[in-house]
Amino acid sequence: ERTETKQGVHTQDISNLCEADLKNCLVGLAKALFGQNIEYRWVDCYFPFTHPSWELEVMFNGEWLEVLGCGVMEQQILHEAGIQDKVGWAFGLGLERLAMILYGIPDIRLFWSQDSGFLNQFKDATHESVIKFKEVSKNPQCVNDVSFWLPKDQPYDPNDFYDLVREAGGPTVEQVTLVDEFFHPKKGLQSHCYRIVYRHMDRPLTNEEANVIHNDIKKNAVDKLGVTMR
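No experiment lies behind these values; they were computed from the predicted model shown.

Describing the sheet that holds strand S8 (residues 228-229)
Part 1 of the argument: With antiparallel pairing, the four strands of this open sheet are ordered in space as S6-S7-S5-S8. Each having just a single partner strand, strand S6 (173-184) and S8 make up the two edges of the open sheet.
Part 2 of the argument: Across two bridges, the pairing between strand S5 (residues 142-149) and S8 is antiparallel. What sits directly across from Trp149, in S8, is Thr228.
Part 3 of the argument: Lying on the sheet, helix H5 (residues 158-169) is in contact with S5, S6 and strand S7 (189-198); it crosses S6 at an angle near 145 degrees.
Part 4 of the argument: Across the face of the sheet, helix H6 (residues 207-225) comes into contact with S5, S7 and S8 while running at roughly 20 degrees to S5.

As for the layout of surface pockets
Part 1 of the argument: Space inside the largest pocket adds up to approximately 570 Å³.
Part 2 of the argument: Broken down by element, the lining of the largest pocket gets its largest block of residues, four residues, from S6.
Part 3 of the argument: Of the residues assigned to the lining of the largest pocket, the class counts are four nonpolar, six polar and seven charged.
Part 4 of the argument: Taken as a whole, the second largest pocket spans an internal volume of roughly 290 Å³.
Part 5 of the argument: Lining the second largest pocket are 14 residues, with Leu33, Leu102, Tyr103, His127 and Ser129 positioned closest to its centre.
Part 6 of the argument: Among the secondary structure elements, those contributing two or more residues to the lining of the second largest pocket are helix H1 (12-34) and helix H3 (95-103).
Part 7 of the argument: By residue number, the principal contributor to the lining of the second largest pocket is H3, which donates five residues.
Part 8 of the argument: For the lining of the second largest pocket, the residue count by class is 11 nonpolar, two polar and one charged.

Let's talk about the nonpolar core
Part 1 of the argument: By size, the foremost hydrophobic cluster in this structure holds 20 residues, and its most contacted members are Phe148, Tyr156, Phe161, Ile196, Tyr198 and Ile217.
Part 2 of the argument: For this core, the secondary structure elements donating two or more residues are S5, H5, S6, S7 and H6.
Part 3 of the argument: The dominant element in this core, judged by the number of residues it contributes, is H6, at five residues.
Part 4 of the argument: Apart from residues lying up to four places away in sequence, Ile217 is in contact with Phe161, Leu164, Val165, Ala168, Ile196 and Tyr198.
Part 5 of the argument: If you look at the next biggest cluster of nonpolar residues, it comprises 15 residues, including Leu22, Leu56, Cys70 and Val72.

A word on the pattern of salt bridges
Part 1 of the argument: Following the criterion strictly, the structure yields nine salt bridges and no others.
Part 2 of the argument: Residue Asp145 is joined to Arg195 by a salt bridge in which the shortest nitrogen-to-oxygen separation is 2.8 Å. With Asp145 in strand S5 and Arg195 in strand S7, this residue pair connects regions lying 50 residues apart in the sequence.
Part 3 of the argument: In this structure, Lys219 and Asp223 form a salt bridge, with 2.9 Å as the shortest nitrogen-oxygen distance. On the criterion of helical spacing, the pair formed by Lys219 and Asp223 is a turn pair, its members being four residues apart in helix H6. This pair shows no difference in class: Lys219 is exposed, exactly as Asp223 is.
Part 4 of the argument: Overlapping salt bridges bring together Asp115, Glu174 and Arg199 as one network.

Cut-offs applied
Residues numbered from 1 in each chain as written. Predicted model: local features only at pLDDT ≥ 70, side-chain atom pairs only at ≥ 80, totals over all residues. Heavy atoms only, no water. Pairing = 2+ DSSP bridges. Helix = DSSP H or I, 4+ residues; strand = E, 2+ residues; numbered from the N terminus. Contact = heavy atoms within 4.5 Å. Axes fitted to C-alpha atoms, helices over the stretch in contact; angles between N-to-C directions. 1 Å grid on protein atoms, 1.4 Å probe; cavity = no way out; pocket = protein on both sides within 12 Å on 5 of 7 lines; lining within 4 Å. Points joined across faces, edges and corners; volume = space filled by probe spheres on them. Nonpolar A, V, L, I, M, F, W, Y, C, P; charged D, E, K, R; others polar. Core = buried A, V, L, I, M, F, W, Y, C linked by side-chain atoms within 4.5 Å. Buried < 20%, exposed > 50% of the residue type's maximum accessible area, 1.4 Å probe, protein only. Salt bridge = Lys/Arg side-chain N within 4 Å of Asp/Glu carboxyl O.

Structure (structure tokens):
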């Protein structure tokens, strides 16, 4: 007999076992996302392909947040798939919605963006990374590369170049990335190539304006870091 806690073809023990496995696994997922000490609760609900069914909610920033929906799979679905001797459970979660909440992303359309200003914020992220989304300008980027030989007679640290770029360009510099490096055997010199992305938050930046900053960066790199422009 079908009841609120089981399907008609399941014993209560089977339904309880499947429920325990489901909840144990999904609470582990929630703890991996929100931290081991989260406050959570299960809410009974209805989904057409599972019974019984629940929603998992966690306390986040002082409010209950729906994380996912889940339930014991309707046995008829398994039977029609040729599975006669097993039970199972299913769940679904909105990854984009969770990411928006965890990282403070204001617009779901950003997930389909190819803008490097957005993508690079999460490029090397892991599930343990603490990231807060930084607003990206809607104005077009200006991209310039700079290549130079590293000095032979003094140490060179890429972080010094990054600092120099940020100092010269300020908030107009959106990204600085080492895109290529190689050693020239005849010259005995190491080469670095950096890609610098310029963009203004409030208005379009012209190439001429970006070039002024870019040339200032090149001059400072020569004077302060001892590099030789290629």
